[in-house]
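Overview (structure and organization)
If you want the building blocks of each chain, they are given just below.
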Amino acid sequence: MTICSQARDAGKGLLMIKFDAVHKRFPNGTTAVHDLTLELPEGGITVLVGSSGCGKTTTLRMINRMVDPTSGTIRLGGKDIREQDAAELRRGIGYVIQQSGLFPHRTVLDNIATVPLLLGWGRRKSRARAAELLETVGLTAEAGRRYPHQLSGGQQQRVGVARALAADPPVLLMDEPFGAVDPVVRIQLQDELLRLQQELNKTIAFVTHDIDEAVRLGDRIAVFRTGGHLVQCAPPAELLARPADDFVADFLGAERELKLLSLTTLADVPVQPATTVRTVRDDAPPPRPGSGPHLVVSARNEPLGWLDPDAGAAGPPSPVRPLRDTDSLLAALNESIASPTGLIARVDGAGVLTGVTSREAIHEQAGRRHQQAARTQLTAQKTAPATQKTAQKTAQKTAMETAPENGPENGLDTTPAPGGSAPGGSI
Amino acid sequence: MTVDWSWLSAHAGDLTTLTLSHLQAALTAVLLGLLISLPLAVLAHRVRPLRGLLLGMSNVLFTIPSIAVFVLLLPVSGLTRTTTVIGLTIYTLVVLLRNTVEGLDSVPAKAREAAVAMGTRPLRTLLTVELPLALPVIMAGVRIATVMSISLVSVATYIGDGGLGQLFTDGFQRDFPTPVVAGIVLTLLLALVADALLVTVQYVLTPWTRRPRTSGRG
Amino acid sequence: MYELFKNLGSWLVAGEQWTGPDGIGHRIAEHLQYSLLATLVAAAIALPVGLLIGHTGRGAFVAINLASFGRALPTVGLVVLVFLAGGLSMTPVYVALVALAVPSIVTNTYAGMTAVDPEVKDAARGQGMRGHQVLLRVEIPLALPLIMTGLRLALIQVVATATIAAYVSFGGLGRYVFDGLAQRDLVQVLGGAVLVAAVAVVLDLALSGLQRVLFRHRRAAV
């Protein structure tokens, strides 16, 4: 029996959904869920992952009684869900499924208005609410008059989310909602969901078999193994740093370390003043040979590219990808490897150069990050209310909730000399 | 073999009466068939064991020759319009039952599941999600049943009814082709008009199946 | 009512009914002969049409609408018309029966052909099959179950309708129906009707059984 106990400490301390010794055996004899005890706190995304047949979808569907457990109890907001009429219960829980499950015979607007109509809001109020939601999920009013098959896959999925949100349910169940769209659109939809979640702060149970999606979205990840066993339930960083067993480690994949890096942002990595690297305005004459690489900036001090007068023919500057505090360590490492100086250009929200950071500094933070994740468990959760966490994540997944151990002040001294050769070393 | 136009104009009134009577028999049968097959189809769709039984029974009914059905009904309802309508109804049942079950089968499982998951109760799910989505297939059945009924009414001429079919016996007995030609043409016209009307009804009832006017991609 | 069915029972089992040129055995043979010949002719016309429009995808709209138009043709009217035009022969009966069978075969063949997964056809072409090879080796084998269903439906309809031969003084099981009607002998009419239904049901069961045996391996695959 695995208990996702730390979940209790997140959110507002309120438990939204509680599985207690839940068991599900189907009539054909297969056990879909084995003795599950799991707690989902209010406000936060809990991702249920596992390969097919591991019981994650059955677990999800038991919450709105699409499947009834063989034994055990499930409580929603403290109340046993079996005490309520199934239809009434479902109207209070948003549900999004793969390929959206939209009604092909109803316009997009009427699809979204389904639950409000069931709740007896009346046609006008329901449609008005639907129109409002159309905007919330980033669709035009024109799209509302269409039929689902006239929309793209990504748009249909947005409608599916809007429909689930229509009656403003506190709980949202999502069953591989983005499974059927292409990777680019999937990432858009994931960002959109995080943005919405920051605004709405729902309690979300999200099923996927895509571990990257789980890491991107989850405040907590519950890993299931075939036969319906919950193996581990932990925040993504902890899961990546300390998988409970080989099964979880295998499931997380070989690039576990990289995923951890993708969870950490640059925010805590010190910025070295731009004076440590020579900058040259793009309208100035090119630098003399032998003067080392230069960062070319615009009149507004926006990084434009690296220029090395010693690198043979005077070509155009090699490209630079300016990084913000919200970008991940992984992106920073990639950029530092691409950069001829081993330095990355840091910019503020407006794209104006704030300074540079060396590859070493990034490495240092990555190492700290790893140790931290391995060490920190319960304590980390306590300091981070789910709302704050979501906000950070939307800003591109700040991983750790604890205060940075290092101040930016120690960064300057450790940065290598400008134009110096890039330090070697690996991640 | 030539058509005697003067006979036609002289009997325009009779032809109209027969056409209307023909249409009435066929339409009543289709409506009755729908009333009976809808609940049966829902039952057959929900309860697996009943499905084979009901569809099998309706298949056997289909193998009985139409003339035999009418004759077999004689002891029950005699030489009346009722016999005609019951006989035709039995025939429509085969097509309507099968198509309605297939129509319900064709409803995307995801749509049904979404309805249930959002808290729609079974009856409402049936009426607002399943039946509308099954409509294209059901309507295909209604069209076949209607055309078939219109064609079959003539058979009831052996039991003294038969609408336009009476023109065939009349022409046969008097060795006079004009009423036969008139009967065939009017039957075909009736079927054509009824079918066109049903297509229109379907078009109006299922706006989501129409091709989008603007490009579908967004 | 009870009396009627009791009489029907004794009519059916009476020994003298089953032998001789007017006997039930001979009538069944005649009935089968009409039905099978008509269905064969219909298949010879309808199968190529259905296969062609299914394979090329061209002319489908016209063919399908013509088929549904064909369904509306009143069989009795057609028999009488051809009889009045051409005189007494089996031709009117065959014309009517063929006209009855063609639509079912065309529509089912076409449906079977269009139900073949386009990706399978694409794969066949991708492996270098020519048009006729795709048709013969991929499309027809895959469409066969539905094609067979069409033939079965057509045959059953023809069997049920072949009673009409007796209307223009030929044989078959319709003899009992029309003689009975003329003689106001309800038992004989019912007897004929029951026999036709029995022949149709037996044929239907036999053919669907055959279909099940032939395509049993397909079910697991689906």
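Counting starts from 1 at the beginning of each chain's written sequence and moves along it residue by residue. As they are written, the chains are lettered A onward and the ligands numbered 1 onward, keeping that order. Totals for whole chains, interfaces and linings use all residues, but because this is a predicted model, local features are given only for residues with pLDDT of at least 70 and pairs of side-chain atoms are given and counted only at 80 or more.

Remarks on the overall build of chain B
- Note on conventions: DSSP H or I runs of at least 4 residues are helices, E runs of at least 2 residues are strands, and numbering of each starts at the N terminus. In terms of helices and strands, chain B carries 9 helices and 0 strands.
- Reading the helices (α) and strands (β) of chain B from amino to carboxyl end gives α-α-α-α-α-α-α-α-α.
- On the principal axes, the C-alpha backbone points of chain B span a range of 65 × 50 × 25 Å.
- Across chain B, contacts joining residues at least 24 apart in sequence account for 73% of those joining residues at least 6 apart. Here, residues touch in the contact sense if the C-beta positions derived from the backbone fall within 7 Å of one another.

A closer look at the overall build of chain A
- Looking only at helices and strands, one finds 17 helices and 16 strands in chain A.
- Partly exposed residues are those whose C-beta has more than 12 but fewer than 20 other C-beta atoms within 10 Å; with 20 or more the residue is buried, with 12 or fewer it is exposed, and the C-beta atoms are placed from the backbone. Counting the 427 residues in chain A, one finds 48% classified as buried.
- Once local pairs closer than 6 in sequence are excluded, the contacts in chain A between residues at least 24 apart make up 67%.

Brief notes about the UniProt feature "transmembrane region" (unreviewed entry) in chain B
Residues and elements named next belong to chain B.
- The feature "transmembrane region" (unreviewed entry), as annotated in UniProt, sits at residues 20–41, 53–73, 79–97, 133–160 and 180–205 in this numbering.
- Split by type, residues 20–41 is 100% helix and 0% strand. Its first and last C-alpha atoms lie 30 Å apart.
- Counting secondary structure, residues 133–160 comes out at 71% helix and 0% strand; the distance between its end C-alpha atoms is 41 Å. UniProt positions are given in the numbering used here, feature names are shortened, and annotations may be inferred rather than shown by experiment.

Focus: helix 6 (residues 109–117) of chain B
- The complete set of buried residues in helix 6 of chain B reads Ala111, Ala114, Ala115, Val116 and Ala117 of chain B.
- In this structure, the buried side of helix 6 of chain B is in contact with helix 2 (86–91) and strand 6 (93–97) of chain A together with helix 7 (122–152) of chain B.
- Following helix 6 of chain B by one or two positions, glycine 119 of chain B adopts a phi angle in the positive range, close to 90°.

A word on the packing of helix 3 (residues 60–72) of chain C against helix 5 (residues 91–114) of chain C
All names here are of chain C.
- Axis definition: a line fitted to C-alpha atoms, over the contacting stretch in the case of helices. Angles run 0 to 180 degrees between N-to-C directions. One way to put it is that helix 3 packs onto helix 5 with a least axis distance of 8 Å and a crossing angle of 145°. The chirality of how helix 3 crosses helix 5 is left-handed. Contacts between helix 3 and helix 5 involve Ala60, Ala63, Ile64, Ala67, Ser68, Gly70 and Arg71 on the former and, on the latter, Ala99, Val102, Pro103, Val106, Thr107 and Tyr110.
- When residues are grouped by polarity, Ala, Val, Leu, Ile, Met, Phe, Trp, Tyr, Cys and Pro land in nonpolar, Asp, Glu, Lys and Arg in charged, and all others, Gly among them, in polar. Residues that form the contact of helix 3 with helix 5 fall into these classes: 9 nonpolar, 3 polar and 1 charged. For a crossing to be left-handed, the near helix must be turned anticlockwise from the far one by less than a right angle; the clockwise case is right-handed.

What about the interface of chain A and chain B?
- Counting residues at the interface gives 22 residues for chain A, matched by 19 residues for chain B.
- If you list the elements that add at least two residues to the side of chain A that touches chain B, you get helix 2, strand 6 and helix 4 (114–118) of chain A.
- It is helix 2 of chain A that provides the largest number of residues to the side of chain A that touches chain B, a total of 4 residues.
- Taken together, the residues that form the side of chain A that touches chain B break down as 11 nonpolar, 8 polar and 3 charged.

With respect to the packing of helix 4 (residues 75–86) of chain C against helix 5 of chain C
Residue and element names in this part refer to chain C.
- Axis separation between helix 4 and helix 5 bottoms out at 8 Å; the angle between their running directions is 145°. The way helix 4 lies across helix 5 gives a crossing that is right-handed. Contacts from Thr75, Leu78, Val79, Val82, Phe83 and Gly86 of helix 4 reach helix 5 at Thr91, Pro92, Val93, Val95, Ala96, Ala99 and Leu100.
- Tallied by class, the residues present in the contact of helix 4 with helix 5 amount to 10 nonpolar, 3 polar and no charged.

Description of the environment of glutamate 238 of chain A
All names here are of chain A.
- Assignment of secondary structure puts glutamate 238 in helix 10 (residues 236–241).
- Here glutamate 238 falls in the buried class, since 25 other C-beta atoms lie within 10 Å of it.
- Residues glutamate 238 and valine 215, 23 residues apart in the sequence, show an inter-C-alpha distance of 11 Å.

A closer look at the UniProt feature "domain: ABC transmembrane type-1" (unreviewed entry) in chain B
- UniProt marks residues 19–198 of chain B with the feature "domain: ABC transmembrane type-1" (unreviewed entry), using the numbering shown here.
- Overall, residues 19–198 of chain B shows 85% helix and 0% strand. The separation of its end C-alpha atoms is 18 Å.

Quick look at the interface of chain B and chain C
- Contacts between the two partners involve 35 residues from chain B, matched on the other side by 30 residues from chain C.
- When residues of the side of chain B that touches chain C are traced back to their parent elements, those giving at least two are helix 3 (48–63), helix 4 (66–77), helix 7, helix 8 (165–174) and helix 9 (177–205) of chain B.
- Among the residues making up the side of chain B that touches chain C, the classes are represented as 24 nonpolar, 9 polar and 2 charged.

Digging into the pairing of strand 13 (residues 303–307) of chain A
Residues and elements named next belong to chain A.
- The rule for pairing is simple: two strands pair if DSSP sees at least two bridges between them. With 4 bridges connecting them, strand 12 (residues 294–297) and strand 13 associate as antiparallel partners. Looking across to strand 13, one finds that leucine 295 is bridged to tryptophan 306.
- Joining the antiparallel neighbours strand 12 and strand 13 is a turn of 5 residues, in which asparagine 301 adopts a positive phi near 65°.
- Examined bridge by bridge, strand 13 and strand 14 (residues 318–319) share 2 bridges and lie antiparallel to one another. Bridging from a neighbouring strand, glycine 305 pairs with proline 319 of strand 14.

What about the sheet that holds strand 10 (residues 229–234) of chain A?
All names here are of chain A.
- A sheet is described by the order of its strands in space; here 6 strands give the open sequence 6-7-8-3-9-10, paired in mixed fashion. A single partner strand is all that each edge strand has here, and the edge strands are strand 6 and strand 10. The mean angle between the axes of side-by-side strands here comes to 15°, regardless of whether they run parallel or antiparallel.
- Judged from the 5 bridges that link them, strand 9 (residues 220–225) and strand 10 form a sheet pairing that is antiparallel.

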